[in-house]
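# Chains, contacts and geometry: an overview
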Amino acid sequence: MAVSFKETLKTKDFIVTAEAAPVKGSNVSKMIEDIELLKDKVDALNVTDNQSSVMRYPSLGTCLLVKEHGGEPVLQITCRDRNRLAIQADLLFAYSRGIDNVLCLTGDSIDVGDHKEAKPVFDLDSVQLIHLVHIMNSGKDLVGNELDGAVDFCVGASATPSSDPLEPQLVKVGKKLDGGISFIQTQAVYDFDELRSFVKVIRGMDSKVKILAGIVPVVGARMAAYMNENVPGIFVPQYLIDELSQTPKGKGVSKGIEIAARMIKQIKEEKICDGVHIMFIGRESRIPEILEGAGLL
Amino acid sequence: MIVAERKPMEEIKQMVAPYKKLLLVGCGTCVTVCWAGGEKEVGILASQLRLARQAEGKEISIIEATVERQCEKEMVSELRDKVKQVEAVLSLACGAGVQTMAGMFEETPVFPALNTTFVGMPEQEGIWTEMCGLCGDCFLDRTGGICPMVRCAKGLLNGPCGGTRRGGKCEVDPEKDCAWVLIYRRLEKQGRLDLMKKYYPPKNFRAVKRPGKIQAVKA
């Protein structure tokens, strides 16, 4: 039986979560393999919600699989695809099936995904979603009706330490903290000075919130350049690009794993923040190598 | 003002393909200003249609007209005699204008030659930008006069998403500014950043009961 994430956040010195990306299709066997492989190696598996606006197996369904296989799921909910009725209904269903961690996100734009002509919803934003979960935690729905059977979610949010300009982003994070969150999962970070100053600002606003640094292994210089150019909120520094470009052909993934492990080790040893969230989309089965390299297995 | 663009020529040609006698009607207000459906554009489209039919070896007779405001019944009614002479009408107005025409002359098919895109303003010569989403619950007092409902790609009310690009550009389009960065800068300039730090609850998306209808009281 997995330890509840709520408990882990209170008791564990260094928290490790990993992202589980649902498949495109109904064949869930690979997801089950990944869940089985990772469930006892990380503190929670965080399941994406139509990630990058690409239609996939649902976050809720994948969280159920995590639960059924003895893992601890974190349900990601974005505001892009559901209005306030649908989100509340999903939260009730999740809680009734033992899924009680939720990461509240705005969601990527429809324009970056594979259904570019879809109607974007954004009935709520991520701050309103955080408030909504707390209203439901108090036993009511958004308009004040009593719920027959309350919920008790552990609430998290995301943040982008490398935003440029940073100030408007920090105002938003402040509103998320005011709304009541137990953990923050950051967008991928590579620059530790940036991360340190971000953590310092957050600590100034809220001393208790747990901050998990987002780790996305970069598996090649070209991927790094692509990310810098195309993935908003991510910036891979030149020294890492240089290190990757000196890597022999075919060794990119191993190098990316090695760098990620090294980063996690440094975050832990220097106590830069409270833990990490590893996002290695499509290569979930290689996450144990990162954990091993970081001395976490 | 209402901003519109002309539909692709192929689409227009297909809509009016079965008809030999057409009335092309422009509108002298918004769509004249945004170069989409004024007297000049009516003339251009009429010439293009005549040439296209000629190239196909088919005949067409086109009457050209432009009214001051195609969204007003009184102004549209002056076209009655012209409508009687044709098989179909091609309207170069916004959606409201097309529907006013279609409602006034129910016996005759009325087709839209434009795509109505948004309510906006001319930013510079030839460039119009969206400014208002017609939500019926104006929020501009809290955002330094910058509407996050339409100028933020996601219509967020409590600050920027995590996708802001370097230099404060939008996740969706690096050519466009992040509305929340603009709002932050304007409120900062006015010493009113406390407004951005406030929590705004979910918006009332039913402030205008669709379809919208207002009974105004005369002053």
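Quantities reported herein were computed from a predicted structural model and do not represent experimental measurements. (Residues numbered from 1 in each chain as written. Chains lettered and ligands numbered in written order. Predicted model: local features only at pLDDT ≥ 70, side-chain atom pairs only at ≥ 80, totals over all residues.)

Assigned secondary structure in chain B consists of 9 helices and 7 strands. Taken over the C-alpha trace, chain B has a radius of gyration of 22 Å; the compact-globule value for 219 residues is 17 Å, which it surpasses by more than 25%. Projected onto its principal axes, the C-alpha coordinates of chain B cover approximately 65 × 45 × 25 Å. Here chain B holds 219 residues, and the buried ones make up 36% of them. (Helix = DSSP H or I, 4+ residues; strand = E, 2+ residues; numbered from the N terminus. Rg over C-alpha atoms; globule rule 2.2 N^0.38 Å. Buried ≥ 20, exposed ≤ 12 C-beta atoms within 10 Å, placed from the backbone.)

So, about the sheet that holds strand β5 (residues 154-159) of chain A. Residue and element names in this part refer to chain A. In spatial order, the strands read β1-β2-β3-β4-β5-β6-β7-β8; together these 8 strands close into a barrel with parallel pairing. Going from strand to strand, the sheet's axes swing by 25° on average, the running direction of each strand aside. Direction of pairing for strand β1 (residues 15-20) relative to strand β2 (residues 44-47): parallel, over a ladder of 4 bridges. Paired with Ala20 across the strands is Val47, a residue of β2. (Pairing = 2+ DSSP bridges. Axes fitted to C-alpha atoms, helices over the stretch in contact; angles between N-to-C directions.)

Turning to the interface of chain B and chain A, a few remarks are in order. The partner chain A presents 28 residues to the 27 residues of chain B that form the contact. Those elements that place two or more of their residues in the side of chain B that touches chain A are α8 (179-189) and α9 (194-197) of chain B. Here the element with the most residues in the side of chain B that touches chain A is α8(B); it accounts for 3 residues. For the side of chain B that touches chain A, the per-class residue count stands at 14 nonpolar, 8 polar and 5 charged. (Contact = placed C-beta atoms within 7 Å. Nonpolar A, V, L, I, M, F, W, Y, C, P; charged D, E, K, R; others polar.)

With that settled, the discussion passes to the environment of Ile290(A). Residue and element names in this part refer to chain A. With respect to the helices and strands, the residue Ile290 is situated in helix α11 (residues 287-293). Among the residues examined, Ile290 registers 27 C-beta atoms within 10 Å and is labelled buried. Residues Ile290 and Gly179, 111 residues apart in the sequence, show an inter-C-alpha distance of 34 Å. Residues in contact with Ile290, not counting those within four places in the same chain, are Pro217, Ile257, Ala260, Ala261, Ile264 and Ile278.

Look at helix α6 (residues 167-179) of chain A: 19 Å from first C-alpha to last across 13 residues, which is about the 18 Å you get at 1.5 Å a residue. Regarding α6(A), the residues found buried are Pro168(A), Gln169(A), Leu170(A), Lys172(A), Val173(A), Lys175(A), Lys176(A) and Gly179(A). For α6(A), the secondary structure elements touched by its buried residues are α5 (126-137), β5 and α7 (192-205) of chain A together with α8 and α9 of chain B. Taken from the residues just after α6(A), Gly180(A) is the one with a positive phi, measuring 105°. (Expected span 1.5 Å × (residues − 1).)

Turning our eyes to something else, we now look at the domain arrangement of chain B. Looking at the assigned domains, one finds that chain B contains domain 1 (2-117) and domain 2 (133-197). Computed over C-alpha atoms, the centres of domain 1 of chain B and domain 2 of chain B are 38 Å apart. (Domains from an automatic or database assignment.)

Turning our attention to the nonpolar core. Residue and element names in this part refer to chain A. By size, the foremost hydrophobic cluster in this structure holds 99 residues, and its most contacted members are Cys104, Val133 and Ile215. Ranked by the residues each element gives to this core, the list is headed by helix α10 (residues 252-269), at 7 residues. Those residues in contact with Val133 that lie beyond four places of it in its chain are Leu91, Val102, Cys104, Phe153 and Val155. (Core = buried A, V, L, I, M, F, W, Y, C linked by C-beta atoms within 7 Å.)

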